[in-house]
Amino acid sequence: MSPLSAGPPSESLPSAGVARVAAAGGSLVPGLLVAAAGVAVAVAVNALVPAVSPLMVAVVLGALLGNLGARPEALRPGLAFASGRLLRLGVVLLGARLAVPDVLALGLPVLLLVVTTVAVTFSGTWWLGTRLGLGREPALLVATGFSICGAAAIAAMDGVTDSEKRDVMTAVALVTLYGSLAIALLPVAGGLLHLPAESFGIWTGASVQEVAQVVATAQTAGPAALATAVVVKLTRVVMLAPLIAGVSLWRRRAARPGPRGRTPVVPLFVAGFLAVVALRSLGAVPDAWLTPIRTAETVLFTAALFAMGTAVRVRELLSTGRRAVALGAASALLVTLVALAGVLVLR
């Protein structure tokens, strides 16, 4: 009997497809609802304490949920969707923060400072992490977070590696810890060095991890320092795309397939990120859209990191504690000193 003889094609096949979609969608709902609740709490905490990134709060909340045994099987599909698809969409929207003319307006010397700081911090941290015995994947995540833009960069790099979720949480915790220390220490150091506001802004934007931490640090030196720091910081974000593409190419040449098979040279979400940067630079993204896009980007990243946090087991995380903290300290010192050296040369 023909496979279609049980009923007309116009009835049986579409109805089966709808049923599959409905079943799949239904399986996502519990996990996505829990992730949405985690986002709401994380955003509320950030509203009360702006220097604390909602991304870090989300990771901690997710870890609490997972380690308290409150992650039933029904939540897994939705949480997996959040840590995968929503994460990549967040990276794409991240491109709306960047306009190439703003980056070019910094001038060639500052651009070279940013590129040098990112390259030295990334390569130095990755090398030291492997020497400390953390392994290539965890060291890669820490290197990406400290050299580019904190938790968002870590989450994006996780999309093209085989790292464990505990490695993601470790890296996010480190950039939060040392970025928070920078908020307290950099203004004091800037005062002792008698740095002008613009120089302090360059130093802050080139060395501090999270965007929120950059804002909290730079605003202590006034509006000029803050404006410069934000543009320099977003210039570091531009480096995320070539960095991920480079790691993908390395994995292909080393015959190390990614978590979803052979890693493409330029992952689709990175291509989307670059496309949005191009649209913003050409003026195709109206200014009125920027605030909603940034809000959506924050929500997506926060949901993704909450979902990642639920897969972390604290006992496993603590097993790498001392080595990870040492690597974070070394990376924070490296990025701070390299950026400062560049600022002093430009001064």
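Each remark here, short or long, concerns the structure printed above.
Residues numbered from 1 in each chain as written. Predicted model: local features only at pLDDT ≥ 70, side-chain atom pairs only at ≥ 80, totals over all residues. Heavy atoms only, no water.

**Brief notes about the pattern of salt bridges**
Then step 1. Tallying each qualifying case throughout the model produces one salt bridge.
Then step 2. One salt bridge connects arginine 97 with glutamate 297, and the closest N-O pair in it is separated by 3.0 Å. Here arginine 97, found in the loop between α3 (76–94) and α4 (100–104), pairs with glutamate 297, found in helix α14 (residues 287–310); they are 200 residues apart in sequence, far enough to count as distant. Neither arginine 97 nor glutamate 297 differs from the other in exposure class; each is buried. (Salt bridge = Lys/Arg side-chain N within 4 Å of Asp/Glu carboxyl O. Helix = DSSP H or I, 4+ residues; strand = E, 2+ residues; numbered from the N terminus. Buried < 20%, exposed > 50% of the residue type's maximum accessible area, 1.4 Å probe, protein only.)

**Overview of the environment of alanine 74**
Then step 1. Looking at where alanine 74 falls in the secondary structure, it is placed in the loop between α2 (54–67) and α3.
Then step 2. Separated by 44 residues in the primary sequence, alanine 74 and proline 30 have C-alpha atoms spaced 6.6 Å apart.
Then step 3. Discounting chain neighbours no more than four positions away, the residues touching alanine 74 are Ser27, Pro30 and Gly31. (Contact = heavy atoms within 4.5 Å.)

**Quick look at helix α16 (residues 321–346)**
It helps to recall that an α-helix has 3.6 residues per turn; residues three or four apart then point in one direction.
Then step 1. Taking 1.5 Å of rise per residue, 26 residues should cover 38 Å, and α16 covers 38 Å from first to last C-alpha, within 8% of that figure.
Then step 2. Within the sequence span of α16, burial applies to Ala324, Leu327, Gly328, Ser331, Ala332, Val335, Thr336, Ala339, Leu340, Gly342 and Val343.
Then step 3. If you follow the buried residues of α16, they end up packed against α5 (108–131), α6 (136–147), α8 (165–192) and α9 (197–207). (Expected span 1.5 Å × (residues − 1).)

**Some details on the nonpolar core**
Then step 1. Met157, Val172, Trp203, Ile244, Phe269, Phe273 and Leu305 are the most contacted members of the largest nonpolar core, which has 81 residues in total.
Then step 2. Here this core gets nine residues from one element, more than from any other, and that element is α8.
Then step 3. Residue contacts for valine 172: discarding those within four places in its chain leaves Met56, Val59, Ala151, Ile154 and Leu305.
Then step 4. Ala42, Val57, Leu79 and Leu86 belong to the second largest nonpolar core, which has 14 residues in total. (Core = buried A, V, L, I, M, F, W, Y, C linked by side-chain atoms within 4.5 Å.)

**Here's the deal with the packing of α6 against α8**
Then step 1. One way to put it is that α6 packs onto α8 with a least axis distance of 9 Å and a crossing angle of 30°. Between α6 and α8 lies a crossing whose hand is right-handed. Here Pro138, Leu141, Val142, Gly145 and Phe146 of α6 lie close against α8, whose contacting residues are Asp167, Val168, Ala171, Leu174, Val175 and Tyr178.
Then step 2. Classifying every residue of the contact of α6 with α8 gives nine nonpolar, one polar and one charged. (Axes fitted to C-alpha atoms, helices over the stretch in contact; angles between N-to-C directions. Left-handed = near helix turned anticlockwise from the far one by under 90°. Nonpolar A, V, L, I, M, F, W, Y, C, P; charged D, E, K, R; others polar.)

**Points about the environment of valine 325**
Then step 1. Assignment of secondary structure puts valine 325 in helix α16.
Then step 2. Residues in contact with valine 325, not counting those within four places in the same chain, are Leu174 and Tyr178.

**Some thoughts on the side chain of arginine 280**
Then step 1. With respect to the element layout, arginine 280 can be found in helix α13 (residues 268–281).
Then step 2. There is no salt bridge for the buried arginine 280, and the closest opposite charge comes from aspartate 102, which lies 4.5 Å off by N-O distance.
Then step 3. Apart from residues no more than four positions distant in its own chain, arginine 280 is found in contact with Gly95, Ala96, Arg97, Leu98, Ala99, Asp102, Val285, Leu290 and Arg294. (Lys, Arg positive; Asp, Glu negative; His and termini not counted.)

**Considering the packing of aromatic side chains**
Then step 1. Counting across every chain of the model gives four aromatic pairs.
Then step 2. A centroid spacing of 5.5 Å and a plane angle of 90° characterise the contact between tryptophan 126 and tryptophan 250, whose relative ring orientation is edge-to-face. Of this pair, tryptophan 126 sits in helix α5 while tryptophan 250 is found in helix α12 (residues 240–253), placing the two residues 124 residues apart along the sequence.
Then step 3. Residue tryptophan 250 is classed as partly exposed on the basis of its relative accessible area of 27%.
Then step 4. Clustering of aromatic rings is evident, with ring pairs tying together Phe122, Trp126 and Trp250. (Phe/Tyr/Trp six-rings, centres within 6.5 Å; stacked < 30°, edge-to-face > 60°.)

**Side note on helix α7 (residues 151–158)**
Then step 1. Counting buried residues in α7 gives eight out of eight residues, a clear majority hidden from the surface.
Then step 2. Of the residues making up α7, those classed as buried are Ala151, Ala152, Ala153, Ile154, Ala155, Ala156, Met157 and Asp158.

**Quick look at the environment of glycine 309**
Then step 1. With respect to the element layout, glycine 309 can be found in helix α14.
Then step 2. With a relative accessible area of 1%, glycine 309 lands in the buried category.
Then step 3. For glycine 309 and glycine 66, which are 243 residues apart along the polypeptide, the C-alpha to C-alpha distance reads 7.3 Å.
Then step 4. In contact with glycine 309, other than residues within four places in its own chain, are Val59, Gly62 and Ala63.

**Topic: unusual backbone geometry**
Then step 1. Located in the positive-phi region is histidine 194, a residue other than glycine, with phi close to 55°.
Then step 2. Judged by relative accessible area, which is 62%, histidine 194 ranks as exposed.

**Overview of the packing of helix α10 (residues 211–218) against helix α11 (residues 223–238)**
Then step 1. α11 packs onto α10 with a crossing angle of 155° between their chain directions and a minimal axis gap of 9 Å. Compared by their axis directions, α10 and α11 come out roughly antiparallel. Of the two possible hands of crossing, α10 and α11 adopt the one that is right-handed. Contacts from Val211, Val214, Val215 and Ala218 in α10 reach Ala225, Leu226, Ala229, Val230 and Lys233 in α11.
Then step 2. A breakdown of the residues in the contact of α10 with α11 according to their chemical character gives eight nonpolar, no polar and one charged. (Parallel < 35°, antiparallel > 145°, perpendicular 65-115°, else oblique.)

**Overview of the side chain of glutamate 297**
Then step 1. Residue glutamate 297 is classed as buried on the basis of its relative accessible area of 5%.
Then step 2. When neighbours within four sequence positions are excluded, glutamate 297 is seen to be in contact with Gly90, Leu93, Leu94 and Arg97.

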